[in-house]
Amino acid sequence: MNRTESHPPAIEFIEVDKSFGTPDTPTWVLAARNVTFAIDSGEVVSIIGPSGCGKSTLLNMGSGLAKPSAGVIRVAGDVVNGPNKHVAFMLQKDLLMPWRTIAQNIELGLELRGIAAAQRREVSSQLIEQCHLTGFGNHYPHQLSGGMRQRAAMARTLAVDPLVLLMDEPFSALDAQTKMILQQDLARTVSQQGKTVLFITHDLVEAVALSDRILVMSERPGTIVQQIKVDIPDRDNPMQRRKHARIGHYVGMLMDLLKLDANTEVH
């Protein structure tokens, strides 16, 4: 895609640093340093890197929940100075409100934006069907399985019609079969709706199966050390991608970049 002033990247980090504390104290931490990348509208980009390298910190800054210590973050060309209505966040924990039904949870963001009840119900009904939750709109979170709760969290994220989806290991707590099914649902949905996704994962196969590009981060202070374009067809069909002959090539490349081998310690 050729960028112009009228079509800037969906989200862009320009020479972004993030530190916690002050340099003159022993608790000072430089979490991210000189992070620069851009994601075009409709792209799915994953970030991988060692634990503690600042991946989640980047998402917090991209959503406006945290401010960079230096540099600029833009969404659709506008500088991010606080929570942004064009960005939605999905986490590993579903964070559904236990006292609200699934439909009411899905409608929460719309309710906070002052959308009329009838319109909220229309949106939640569509997403309940789209996310394979038909018949569970009036159930409460404790009545659903972990996979169904994540479906509800995905529906709630999509309900506000964000330009950019920020996803922080949203499927990591699920069993392998449920994870693959939700990956498939996500890939088809973002492809059909043209959503832009910045996705954090420690699962290298997941990164390859879902992404147009993969950004590899260094140890803390995290910075982007490599960008890899995933040249495998069927981005909207990660199950098919998992069977592709080249997926092992990309996973091996990522393992080499992360210096992973059989003796790697997990922290």
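Preceding this paragraph is the structure being described.
Residues numbered from 1 in each chain as written. Predicted model: local features only at pLDDT ≥ 70, side-chain atom pairs only at ≥ 80, totals over all residues. Heavy atoms only, no water.

**Examining the nonpolar core**
Considering soluble globular proteins, one finds that nonpolar side chains tend to be buried as a cluster.
Piece 1. Formed by 33 residues in total, the largest nonpolar core has its most connected members in L133 and F171.
Piece 2. Those elements that provide at least two residues to this core are β6 (87-90), α2 (102-106), α4 (117-130), α5 (146-159), β7 (164-168), α6 (176-193) and β8 (196-200).
Piece 3. Counting residues per element, this core draws most heavily on α5, which supplies seven residues.
Piece 4. Setting aside residues no more than four positions away along its own chain, L133 makes contact with I102, I128, L144, M148, R151 and A152.
Piece 5. With 25 residues, the next largest nonpolar core counts A32, V35, L59 and L198 among its residues. (Core = buried A, V, L, I, M, F, W, Y, C linked by side-chain atoms within 4.5 Å. Buried < 20%, exposed > 50% of the residue type's maximum accessible area, 1.4 Å probe, protein only. Helix = DSSP H or I, 4+ residues; strand = E, 2+ residues; numbered from the N terminus. Contact = heavy atoms within 4.5 Å.)

**Things to note about α5**
Piece 1. For α5, spanning 14 residues, the distance from its first C-alpha to its last is 20 Å, which sits close to the expected 20 Å at 1.5 Å a residue.
Piece 2. With 12 of 14 residues buried, α5 lies mostly within the body of the structure.
Piece 3. Among the residues of α5, those classed as buried are G147, M148, Q150, R151, A152, A153, M154, A155, R156, T157, L158 and A159. (Expected span 1.5 Å × (residues − 1).)

**Observations concerning unusual backbone geometry**
Piece 1. In this structure, the amide linkage connecting R220 to the following residue, P221, adopts the cis form with an omega of 0 degrees.
Piece 2. Following the sequence through the fold, P221 ends up in the loop between β9 (213-217) and β10 (224-229).
Piece 3. Look at H132: it is not a glycine, yet its phi comes out positive at around 60 degrees.
Piece 4. Locating H132 in the fold gives a position in the loop between α4 and α5.
Piece 5. Of note in the backbone geometry, E169 takes a positive phi value of approximately 45 degrees without being a glycine.
Piece 6. Its place among the elements puts E169 in the loop between β7 and α6.
Piece 7. By relative accessible area, which is 18% here, E169 ends up buried.

**Concerning the pattern of salt bridges**
Piece 1. Taken as a whole and assessed by the stated rule, the structure comprises eight salt bridges.
Piece 2. Between D203 and K179 there is a salt bridge, with the nearest N and O atoms lying 3.3 Å from each other. With D203 in the loop between β8 and α7 (204-210) and K179 in helix α6, the pair connects residues that are 24 residues apart, well separated along the chain.
Piece 3. Since its relative accessible area comes to 14%, K179 is described here as buried. (Salt bridge = Lys/Arg side-chain N within 4 Å of Asp/Glu carboxyl O.)

**Some thoughts on the packing of aromatic side chains**
Piece 1. Per the stated rule, a full pass over the model turns up two aromatic pairs.
Piece 2. Relative to F37, the ring of F13 lies with its centre 4.7 Å away and its plane at 15 degrees, an arrangement referred to as stacked. In this pair, F13 is assigned in strand β1 (residues 11-20) and F37 in strand β2 (residues 29-39), connecting sequence segments 24 residues apart. This pair shows no difference in class: F13 is buried, exactly as F37 is.
Piece 3. Here F171 and F199 contribute two aromatic rings whose centre-to-centre distance is 6.1 Å and whose plane-to-plane angle is 45 degrees, an arrangement assigned as tilted. Placement of F171 in the loop between β7 and α6 and of F199 in strand β8 is noted, with a sequence separation of 28 residues between them.
Piece 4. Assessed through its relative accessible area of 0%, F171 is described here as buried.
Piece 5. Residue classification places F199 among the buried positions, given a relative accessible area of 1%.
Piece 6. Between the NZ or CZ atom of K18 and the centre of the ring of F20, over which it lies, the distance is 5.2 Å. (Phe/Tyr/Trp six-rings, centres within 6.5 Å; stacked < 30°, edge-to-face > 60°. Lys NZ or Arg CZ within 6 Å of the ring centre and 35° of its normal.)

**Some thoughts on the packing of α4 against α5**
Piece 1. Closest axis-to-axis distance for the α4/α5 pair is 10 Å, and the angle between their directions is 135 degrees. The pairing of α4 with α5 is recorded here as oblique in orientation. Where α4 crosses over α5, the two elements pack in a sense that is right-handed. Contact with α4, carried on its side by V123, L127 and Q130, involves A155, L158 and A159 of α5 and no other residues of that element.
Piece 2. Tallied by class, the residues present in the contact of α4 with α5 amount to five nonpolar, one polar and no charged. (Axes fitted to C-alpha atoms, helices over the stretch in contact; angles between N-to-C directions. Parallel < 35°, antiparallel > 145°, perpendicular 65-115°, else oblique. Left-handed = near helix turned anticlockwise from the far one by under 90°. Nonpolar A, V, L, I, M, F, W, Y, C, P; charged D, E, K, R; others polar.)

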